[in-house]
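Coordinates in review
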Amino acid sequence: MARPNWVPAGTDLDKPNAARVYDYYLGGSHNFEVDRQMARKAMELWPDLPKIMRANRAFLHRATQYVAAEGINRFLDIGSGIPTFGAVHEVAREYQPDARVVYIDMDPVAVAHSRLILADDDLCQIVDADLRNTDDLLARPEVEDLLAPGEPVAVILNAVMHFVTDDDEPEKILAKLREALPSGSALVLSHASLEGRPDQAGSHQDLYRATPTPLTMRSRERITSFFEGFDLVEPGVVYLPEWRPDEAAAVEPHPERMTGMAGVGRLS
């Protein structure tokens, strides 16, 4: 297979990659046939997957637009994957032309792809770091520089915290992030929910237990607790399509089928 110019040298093109599979679900072009094959197999088990992924991405767009319109122009996108197909910096710059974004991911393939894609963007950086090692993440020079001026920062945890197990103490991770943020900062968070499709939750979590990134779906109450210390923006923690839809008609009769909940909080 010929290597496109966005693919780093040495990338194994014969194995699927989670970040590229997600790109495929979104309708992006940064994926290969091996990624599409994996996605199609997953869709046989859960046909709604592409729709769920797109609902999650649509929430990210609306939430990014919201915080950028509120005046925030610094973003820390943790677990960013490959920043393509309407990435945070592209959406934020509709409102903040000088928006700065530090993308964080622990997947070496996603990081390598991102470095090539962002090579010509002086206001964006990609850092290879693990959210679970929060002290190390916050100590990275790129992150320290983003936080140093004391201006509000939007921390984005889009479909990330459900890959943090209870053994990794997610509340402590979020507390460390919150304590590092200047006043006026925001938390943008989406999370797989147990309530949305209880008939699918067990099998879906079983599927991920065989991977390096086990999935922990949580209740609305637990997801809401992740916003401790933040003031929740209306409408609070709701199903993905229900968070400030562009049009009320865009919310279909059963938003719980998207199986994810989301919210935005502001730091006083």
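These numbers come from a predicted model, not from an experiment.

**Focus: the overall build of the chain**
From N to C terminus, the chain includes 10 helices and 8 strands. Put simply, 71% of the contacts in the chain that link residues at least 6 apart link residues at least 24 apart. Carbon and sulfur atoms form 50% of the exposed surface of the chain, whose accessible area is close to 12,300 Å².

**Some points on empty space enclosed by the protein**
According to the stated counting rule, one finds 1 cavity of 30 Å³ or more in the structure shown. In this structure, the largest cavity spans a volume of roughly 30 Å³. Lining the largest cavity, in full, are V155, L157, L174, L177, R178, L181, L187 and F230. The greatest single-element share of the lining of the largest cavity, amounting to 3 residues, is contributed by helix α8 (residues 170–180). Looking at the lining of the largest cavity, its residues break down into 7 nonpolar, no polar and 1 charged.

**Regarding α8**
The complete set of buried residues in α8 reads P170, I173, L174, A175 and L177. Elements in contact with the buried residues of α8: β1 (74–78), α6 (134–139), β4 (154–158), β5 (186–192) and α10 (220–225).

**As for the nonpolar core**
Soluble globular proteins: nonpolar side chains tend toward being buried together. Membership of the largest hydrophobic core comes to 32 residues, with the highest contact counts inside it found for L76, I78, I104, L131, L157 and L189. Those elements giving two or more residues to this core turn out to be β1, β2 (100–105), α6, α7 (141–147), β4, α8 and β5. Sequence-distant contacts of I78, defined by excluding residues within four places in its chain, comprise I104, L131, L137, V155, I156, L157, V160 and L177. If you look at the next biggest cluster of nonpolar residues, it comprises 29 residues, including I72, F75, C124 and I156.

**Notes on the packing of aromatic side chains**
Considering all chains together, one arrives at 3 aromatic pairs under this definition. An angle of 40 degrees between the planes, with centres 6.5 Å apart, marks the rings of Y24 and Y25 as tilted. On the basis of relative accessible area, Y24 is assigned to the partly exposed category, the value being 23%. Here Y25 falls in the buried class, since its relative accessible area comes to 6%. Between the aromatic rings of F59 and W243, the centroid separation amounts to 5.6 Å while the plane-to-plane angle is 90 degrees, which identifies the pairing as edge-to-face. Separated by 184 residues along the polypeptide, F59 in helix α3 (residues 49–69) and W243 in the loop between β7 (238–239) and β8 (260–266) bring together distant segments of the chain. As far as the burial class goes, F59 and W243 line up, both buried. Through a chain of ring-to-ring contacts, three or more aromatic side chains come together here, namely F59, Y66 and W243. Cation over ring: R220 sits above Y239, and NZ or CZ is 5.5 Å from the ring centre.

Conventions we followed
Residues numbered from 1 in each chain as written. Predicted model: local features only at pLDDT ≥ 70, side-chain atom pairs only at ≥ 80, totals over all residues. Heavy atoms only, no water. Helix = DSSP H or I, 4+ residues; strand = E, 2+ residues; numbered from the N terminus. Contact = heavy atoms within 4.5 Å. Areas by Shrake-Rupley, 256 points an atom, 1.4 Å probe, with all protein chains shown as cover. 1 Å grid on protein atoms, 1.4 Å probe; cavity = no way out; pocket = protein on both sides within 12 Å on 5 of 7 lines; lining within 4 Å. Points joined across faces, edges and corners; volume = space filled by probe spheres on them. Nonpolar A, V, L, I, M, F, W, Y, C, P; charged D, E, K, R; others polar. Buried < 20%, exposed > 50% of the residue type's maximum accessible area, 1.4 Å probe, protein only. Core = buried A, V, L, I, M, F, W, Y, C linked by side-chain atoms within 4.5 Å. Phe/Tyr/Trp six-rings, centres within 6.5 Å; stacked < 30°, edge-to-face > 60°. Lys NZ or Arg CZ within 6 Å of the ring centre and 35° of its normal.

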